[in-house]
There are 2 protein chains.
Amino acid sequence: MSVVSAANWSALVEDDLSQMTRNLKNLLGTKHPVLYAAAEHLFNAGGKRIRPALVLLVSRATAAYGEPTERHRRLAEITEMIHTASLVHDDVIDTSAVRRGIDTVNSRFGNRVAVLAGDYLFGMASAYLARLGSLEVVELLGIVISHFGEGELLQSTLQFDSDLTFEQYIDKSFYKTASLMAGTSRAAAVLSESPAAVCEALYEYGRHLGIAFQVIDDLLDFTGSTAKLGKPAGSDLRDGNLTAPVLYALEESPHLSGLIERQFEQKGDLEKALSLIHASRALERTRELAETHARRAVTSLDTLSPSPAREALKDLVGHTVSRLY
Amino acid sequence: MSVVSAANWSALVEDDLSQMTRNLKNLLGTKHPVLYAAAEHLFNAGGKRIRPALVLLVSRATAAYGEPTERHRRLAEITEMIHTASLVHDDVIDTSAVRRGIDTVNSRFGNRVAVLAGDYLFGMASAYLARLGSLEVVELLGIVISHFGEGELLQSTLQFDSDLTFEQYIDKSFYKTASLMAGTSRAAAVLSESPAAVCEALYEYGRHLGIAFQVIDDLLDFTGSTAKLGKPAGSDLRDGNLTAPVLYALEESPHLSGLIERQFEQKGDLEKALSLIHASRALERTRELAETHARRAVTSLDTLSPSPAREALKDLVGHTVSRLY
């Protein structure tokens, strides 16, 4: 991959991200004890905070003085609130007990608290968004929230459906993962009052980065170890969630569709499907697909003036792709 | 109660409400099959649509030409979307199987679809709100959404806690029920560009109406029949959800607190608690509390110029209180 980058994506925004975490805890900490405990729990769990980092890097790359404004910082916090709310609801839906190595909100506090803590975060995010003073930004993020639901609903409709098209797969990846990155990147540029072409380029950057991110996740589900994934390899396929590797393999081995359609009900079906996929060019082609989107993300940045933040945004793409190797 | 009203609250907005339901189905119907089925299911189930009716009546009472504008109509739709999303999530939380006489979304389509359909509606509502062009309205409704979560979390923290104060009880009722009525009434007046005093009066109207509504619900839980309530009388108390009748009864019978604190674990505890409540002045005082809030709602309307819509808003209070008799 031809992504050469001098900057480390996280170095530029490390301090900003620590401050964000403190602010988020304070924001929720003044409320009720359960919410406080849930918030402590959530924001301590950390994760790599790629989404707010993306907002802060776009802010630095576009803001008049190369520094995020207070409104940009609030947008990064709102982005993390929305992302966290979606994870909390995902864990309820998937009845997951562990995320990022610690108990999920639902396993620690029950489904009741988890559903409501998510709703509370969505509502707070919406009220905070209004205070940024941009209707365009409110609308962008409202659409992002509705896309989470749409992506998961699309996924549940298309389970074990081997007629799934590539277009539907990319749509699903966009709704579930890329829409947030695209919408918030654009929102940061809107707050900087960037020209329309820059706002559009940053939306495209976020979209391609997000799709690459999701495609790589889907590939790792086939190639990663149980220890690294926190679940057995091939989990998506077993659950009927058909991803790029399966779609490519179906082109080479039409026999695979029979196994999928009967939902791997006969002994050895899943193993047979997995070996058909591994024997095909599917994994290689999936990696190429991720790299294509990664390259498009990097190319979108050409519209921006050169800056350390632009280099860091390139490095963020490189970091995403490096999970492939 | 001294509420005299010439107007039937629903007559003025009947056509508006039918149009709203058609629009909501069209809005969601263009999306995925599961969402379409869930939407059909939800919006056919109907209910009395008191919340969008309230928005439409406030719109008529405040709009320049006494007719709701397109923006007012959108606000009524958004109000119904937000209310519906909160009901769908409530049913997941309470694992309810039936609402308004038909299967709930969770019982028909599963928890996965129910959580996501709620999120989708919240997100759509947020995006649609932005298109109304008023940041004040976006913020008002974002706060309403965060209040749902806050009210339920407050309730779960205070279960079986006989030290619950009256103030906490009213807060909880506000968060769960009255905040939506207050926030959307005010929002309709904001869209009409009403003077600040009118916006404030309509917020107070919605708040008092909502609290009266919730207090009456809480009273009916003790006095209603199983057939009418759709659940056994005293369900709230059994679940440790302490409401006005319990708080009043605690003032007369301190003995009651022991039964509550031990969570009715001994045989006959719940029955003993129920008879203490029925033997006290608690139910009468709860009715008086509801009537006080109902009167304050009506008084708030004095700030408005006389109109058929203002009379209908008074009638809506009368309709709410009539459930007591």
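Below is a summary of the structure that appears in this document. No experiment lies behind these values; they were computed from the predicted model shown. (Residues numbered from 1 in each chain as written. Chains lettered and ligands numbered in written order. Predicted model: local features only at pLDDT ≥ 70, side-chain atom pairs only at ≥ 80, totals over all residues. Heavy atoms only, no water.)

**Examining helix α12 (residues 244–252) of chain B**
An α-helix turns once per 3.6 residues; consequently, residues spaced three or four apart project the same way. Under the convention used in this document: Relative accessibility thresholds used throughout: buried, under 20% of the residue-type maximum; exposed, over 50%; partly exposed, between the two (1.4 Å probe, protein chains only). In this description a helix means any DSSP run of H or I spanning at least four residues, a strand means any run of E spanning at least two, and both kinds are numbered starting from the N terminus. Whether two residues are in contact is decided by their heavy atoms: any pair within 4.5 Å suffices.
Counting buried residues in α12 of chain B gives 7 out of 9 residues, a clear majority hidden from the surface. Contact partners of the buried residues in α12 of chain B: α8 (166–191), α9 (196–223), α11 (235–238), α13 (255–261), α14 (269–279) and α15 (282–300) of chain B.

**What about helix α8 (residues 166–191) of chain A?**
Rules: Bend at a residue means the angle formed by two fitted axes: the first through the 7 residues ending at that position, the second through the 7 residues beginning there.
The largest bend along α8 of chain A reaches roughly 60° and is located at Ala178 of chain A. When you tally the buried positions in α8 of chain A, you get 21 out of 26 residues, the bulk of the element.

**Concerning the nonpolar core**
The nonpolar side chains of a soluble globular protein tend to be buried, and buried together. Applied cut-off: Put simply, buried Ala, Val, Leu, Ile, Met, Phe, Trp, Tyr and Cys residues joined by side-chain atoms within 4.5 Å make one nonpolar core.
By size, the foremost hydrophobic cluster in this structure holds 218 residues, and its most contacted members are Leu75 and Leu237 of chain A together with Leu75 and Leu237 of chain B. Discounting chain neighbours no more than four positions away, the residues touching Leu75 of chain A are Val55, Leu129, Leu132, Val137, Leu141, Thr184, Ala187, Ala188 and Leu191 of chain A.

**Brief notes about the interface of chain A and chain B**
The line we're drawing: We define a salt bridge as a contact between a side-chain nitrogen of Lys or Arg and a carboxyl oxygen of Asp or Glu at a distance within 4 Å. In the analysis that follows, any N or O atom pair within 3.5 Å is treated as a polar contact, provided that within protein one partner can donate a hydrogen and the other can accept it, and provided that, for residues neighboring in sequence, both atoms belong to side chains. Any residue that is not Ala, Val, Leu, Ile, Met, Phe, Trp, Tyr, Cys, Pro, Asp, Glu, Lys or Arg is counted as polar, Gly included; the first ten are nonpolar and the last four charged.
Tallying the contact residues gives 40 residues for chain A and 40 residues for chain B. For the pair chain A and chain B, the interface holds 4 salt bridges. A salt bridge links Arg131 of chain B to Glu139 of chain A, with the shortest nitrogen-to-oxygen separation between them at 2.5 Å. On inspection of chain A and its partner chain B, the count reaches 7 residue pairs in polar contact (both at pLDDT 80 or more). The dominant element in the side of chain A that touches chain B, judged by the number of residues it contributes, is helix α7 (residues 135–157) of chain A, at 16 residues. Classifying every residue of the side of chain A that touches chain B by side-chain character gives 20 nonpolar, 12 polar and 8 charged.

**Some remarks on the packing of helix α12 (residues 244–252) of chain A against helix α15 (residues 282–300) of chain A**
All names here are of chain A. Stated precisely, the cut-off is as follows: Axes here mean lines fitted to C-alpha atoms, for a helix over just the part in contact, with angles spanning 0 to 180 degrees between N-to-C directions. Working definition: roughly parallel below 35 degrees, roughly antiparallel above 145 degrees, roughly perpendicular at 65 to 115 degrees, and oblique for all remaining angles. Left-handed describes a crossing in which the near helix is turned anticlockwise from the far one by less than a right angle; the clockwise case is right-handed.
Where α12 contacts α15, the two axes come as close as 8 Å, and the packing angle between them is 130°. Between α12 and α15, the angle falls in the class oblique. As for how α12 packs across α15, the hand of that crossing is right-handed. Contacts between α12 and α15 pair Ala244, Pro245, Tyr248, Ala249, Glu251 and Glu252 from the former with Ala282, Leu283, Arg285, Thr286 and Leu289 from the latter. Class assignment for the residues of the contact of α12 with α15 results in 7 nonpolar, 1 polar and 3 charged.

**Let's talk about the packing of aromatic side chains**
Residues and elements named next belong to chain A. Put simply, the test is: Put simply, two rings from Phe, Tyr or Trp (the six-membered ring, in Trp's case) pair if the centres are within 6.5 Å, and we call them stacked under 30 degrees between planes, edge-to-face over 60, tilted for the rest. We call a charge positioned over a ring when the NZ of a Lys or the CZ of an Arg lies within 6 Å of the ring centre and within 35 degrees of the ring normal.
Using the criterion set out here, one finds 8 aromatic pairs over all chains in the structure. A ring pair is formed by Phe166 and Tyr169, whose centres lie 5.8 Å apart and whose planes are at 80°; its orientation type is edge-to-face. Placement of both Phe166 and Tyr169 in helix α8 is noted, with a separation of 3 residues, approximately one turn of the helix. What makes Phe166 partly exposed here is its relative accessible area of 26%. The ring of Phe213 is capped by Arg51, whose NZ or CZ atom sits 5.5 Å from the centre of that ring.

**Focus: the relation of the copies chain A and chain B**
This is how it is decided: Copy-to-copy superposition: least squares on the C-alpha atoms, limited to residues that have pLDDT of at least 70 in both copies.
Under the fitted operation, chain A is carried onto chain B by 0.0 Å of movement along the axis and a turn of 180°, and the coordinates agree to an RMSD of 0.0 Å. In symmetry terms, the pair is related by a two-fold rotation axis. A shared binding surface is used by both copies, with 100% of the interface residues of chain A retained as interface residues in chain B.

**Some remarks on the pattern of salt bridges**
If you walk through the whole model with that rule in mind, you get 34 salt bridges over all chains. Asp269 of chain B is paired through a salt bridge with Arg262 of chain B; the nearest N and O atoms lie 2.7 Å apart.

**Let's talk about the side chain of Ser134 of chain A**
As for its placement among the helices and strands, Ser134 of chain A is situated in the loop between α6 (111–131) and α7. In this structure the side chain of Ser134 of chain A is engaged in a polar contact, spanning 3.1 Å, whose partner is the backbone nitrogen of Val137 of chain A. Residues contacting Ser134 of chain A, with those up to four places away along its chain left out, are Val190 and Leu191 of chain A together with Leu135 of chain B.

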